[in-house]
Amino acid sequence: HRLPRYTELFRREAERNGLDWRLLAAVAYQESLWDPAAQSPTGVQGIMQLTLETSLQLGIDDRTDPVESIKGGARYLRQIINALPAEIPEADRTWMALAAYNAGLSHVLDARELTRKRGGNPNAWPEVRDNLALLKQQRWYSQTRYGYARGATQAIIYVRHVRRYYDLLVLASNS
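Just so we're clear, the structure is a prediction, and the values are computed from it rather than from any experiment.

The geometry of helix 2 (residues 21-32) relative to helix 9 (residues 152-174) is characterised by a closest axis approach of 8 Å and an angle of 130° between their N-to-C directions. By the angle between their axes, helix 2 is oblique relative to helix 9. Crossing handedness for the pair helix 2 and helix 9: right-handed. On the side of helix 2, the interface is formed by Trp21, Arg22, Leu23, Ala25, Ala26, Val27, Tyr29, Gln30 and Glu31, while helix 9 contributes Tyr158, His161, Val162, Tyr165, Tyr166, Leu169, Val170, Ser173 and Asn174.

Okay, structure coming up:
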C-alpha cells in the first residue's frame, strides 16, 4: 500500500538522474520498506536511509521527508555510478554501485583491485562480489587501500535483495 504513494516521485527522480525508477524503488524498499520514518540503529534515516553526512553533502535538510530523501537517494546513486570506472559494463556497473551504496565506494574499489591482483576480472560483479567478501579477513584487507570492510557480507546480500525486488517490480510493471 506504500508504493503507490511514491511511484510518481520515484519516476521523476529516476528520470532526472538517468535511472530506472523500479531500481530506485527497489533500493528504497530494501532500505526502509518505503517507510519515510524508518531509522536504523546506526543513524541512517528516511526512505532511502541516508546518513547525516551524505544528506549534508547532497543538500538534504530533512532525511525523513520522502521527497527530499528520494531526491537525495537518486542523486547519491547516480554519483556512485558516475564515480565507478568507465570500463565497467552494465549491468555489473549497477550491481557494483548498489554494493557501494551499502558498503561505501572505497570498499568496492578495494574489492576490484583485489580481484585484479588475484587474476580475476575487476569489471565483473560476480568476481568483485567474491572478493568483496574477503575484505573481512585480515589476510586480504591488509593488502588494500581502505582496509577492513565490516559490512562486506551485508553488501553482497543487499545487492541480491535489491535485484530480486527490482525483478519483481519489472515483472509487475510489465503485466
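Still more ground to cover, so stick around.
Under the criterion given, the structure shown has six salt bridges. Two residues, Arg22 and Asp20, come together in a salt bridge whose shortest N-O distance is 2.9 Å.

What follows is about the packing of helix 5 (residues 92-103) against helix 6 (residues 105-117). Axis separation between helix 5 and helix 6 bottoms out at 7 Å; the angle between their running directions is 130°. Between helix 5 and helix 6, the crossing angle belongs to the class labelled oblique. Contact with helix 5, carried on its side by Met96, Ala99, Ala100 and Ala103, involves Leu105, His107, Val108 and Arg112 of helix 6 and no other residues of that element. Its residues assigned to classes, the contact of helix 5 with helix 6 comprises six nonpolar, one polar and one charged.

Scoring rules and cut-offs
Residues numbered from 1 in each chain as written. Predicted model: local features only at pLDDT ≥ 70, side-chain atom pairs only at ≥ 80, totals over all residues. Heavy atoms only, no water. Axes fitted to C-alpha atoms, helices over the stretch in contact; angles between N-to-C directions. Helix = DSSP H or I, 4+ residues; strand = E, 2+ residues; numbered from the N terminus. Parallel < 35°, antiparallel > 145°, perpendicular 65-115°, else oblique. Left-handed = near helix turned anticlockwise from the far one by under 90°. Contact = heavy atoms within 4.5 Å. Salt bridge = Lys/Arg side-chain N within 4 Å of Asp/Glu carboxyl O. Nonpolar A, V, L, I, M, F, W, Y, C, P; charged D, E, K, R; others polar.

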